[in-house]
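# Remarks on the overall topology
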Amino acid sequence: MKFGFSIYSLWNAMRRGEMTVEEAFAWIAENGGDHIEIIDFGPQEEPEKLAELSQKYNLPISAYSIGSMLAQGDEANYEAELARLKGQIDKARIMGAKLVRCDMVRVM
């Protein structure tokens, strides 16, 4: 069994400026994490930087979780949201994420 963390678990500390994204990776690695999940409303770092941190701390990015608005709005909004999601999937590829999870309605 492998033990992983979602970066969301540390999101409040990062949002308050108490922890950087790199410190979150380090904390997870130091506390037994074998992999990490990234969320789209979390770290604002470029995907290349997240991939670099993944390598540095030996924490594969196992999943990239994204929110969407596909279940809401008209056809024009649907097409725009679909295009945005395709860009998010490109980010997941750059990060090396093996899985993309997409919530159909954004909670935030």
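Residues numbered from 1 in each chain as written. Predicted model: local features only at pLDDT ≥ 70, side-chain atom pairs only at ≥ 80, totals over all residues. Heavy atoms only, no water.

### Concerning the overall build of the protein
Within the protein, the regular secondary structure consists of four helices and four strands. Along its sequence from the N terminus, the protein presents helices and strands in the succession β-α-α-β-α-β-α-β. In summary, the protein has a C-alpha radius of gyration of 15 Å against a globular reference of 13 Å for 108 residues, a match within 12%. Each of the three principal axes of the protein carries a C-alpha extent, and together these read 45 × 30 × 25 Å. Taken as two groups, the 12 positive and 17 negative side-chain charges of the protein have centres that lie 2 Å from each other. (Helix = DSSP H or I, 4+ residues; strand = E, 2+ residues; numbered from the N terminus. Rg over C-alpha atoms; globule rule 2.2 N^0.38 Å. Lys, Arg positive; Asp, Glu negative; His and termini not counted. Charge placed at Lys NZ, Arg CZ, Asp CG, Glu CD.)

### Brief notes about the pairing of strand β3 (residues 61-67)
The element β3 is largely enclosed, with a buried count of six among its seven residues. Here four bridges tie strand β2 (residues 35-39) to β3, and the two strands are oriented parallel to one another. In the strand pairing of β3, Ile39 is matched with Ser65. (Buried < 20%, exposed > 50% of the residue type's maximum accessible area, 1.4 Å probe, protein only. Pairing = 2+ DSSP bridges.)

### Here we look at the side chain of Ser68
Assignment of secondary structure puts Ser68 in the loop between β3 and α4 (75-95). Ser68 gets classed as buried once you look at its relative accessible area, which sits at 0%. A distance of 2.8 Å separates a polar side-chain atom of Ser68 from the backbone oxygen of Asp103. (Polar contact = N/O pair within 3.5 Å; in protein donor to acceptor, adjacent residues only side chain to side chain.)

### Regarding the side chain of Asp40
Secondary-structure assignment places Asp40 in the loop between β2 and α3 (47-56). One polar contact links the side chain of Asp40 to the main-chain amide nitrogen of Gly67, over a distance of 3.4 Å. In this structure the side chain of Asp40 is engaged in a polar contact, spanning 3.4 Å, whose partner is the side chain of Gln88. Setting aside residues no more than four positions away along its own chain, Asp40 makes contact with Tyr64, Ser65, Ile66, Gly67, Arg84 and Gln88. (Contact = heavy atoms within 4.5 Å.)

### Some thoughts on the sheet that holds β2
In space, the four strands of this open sheet follow the order β1-β2-β3-β4, with parallel pairing throughout. The open sheet has two edge strands with one neighbour each: β1 (4-6) and β4 (100-103). Between one strand axis and the next, the sheet turns through 15° on average, direction left out of account. In the packing of α4 onto the sheet, the strands contacted are β2, β3 and β4, and the crossing angle to β3 comes to about 165°. (Axes fitted to C-alpha atoms, helices over the stretch in contact; angles between N-to-C directions.)

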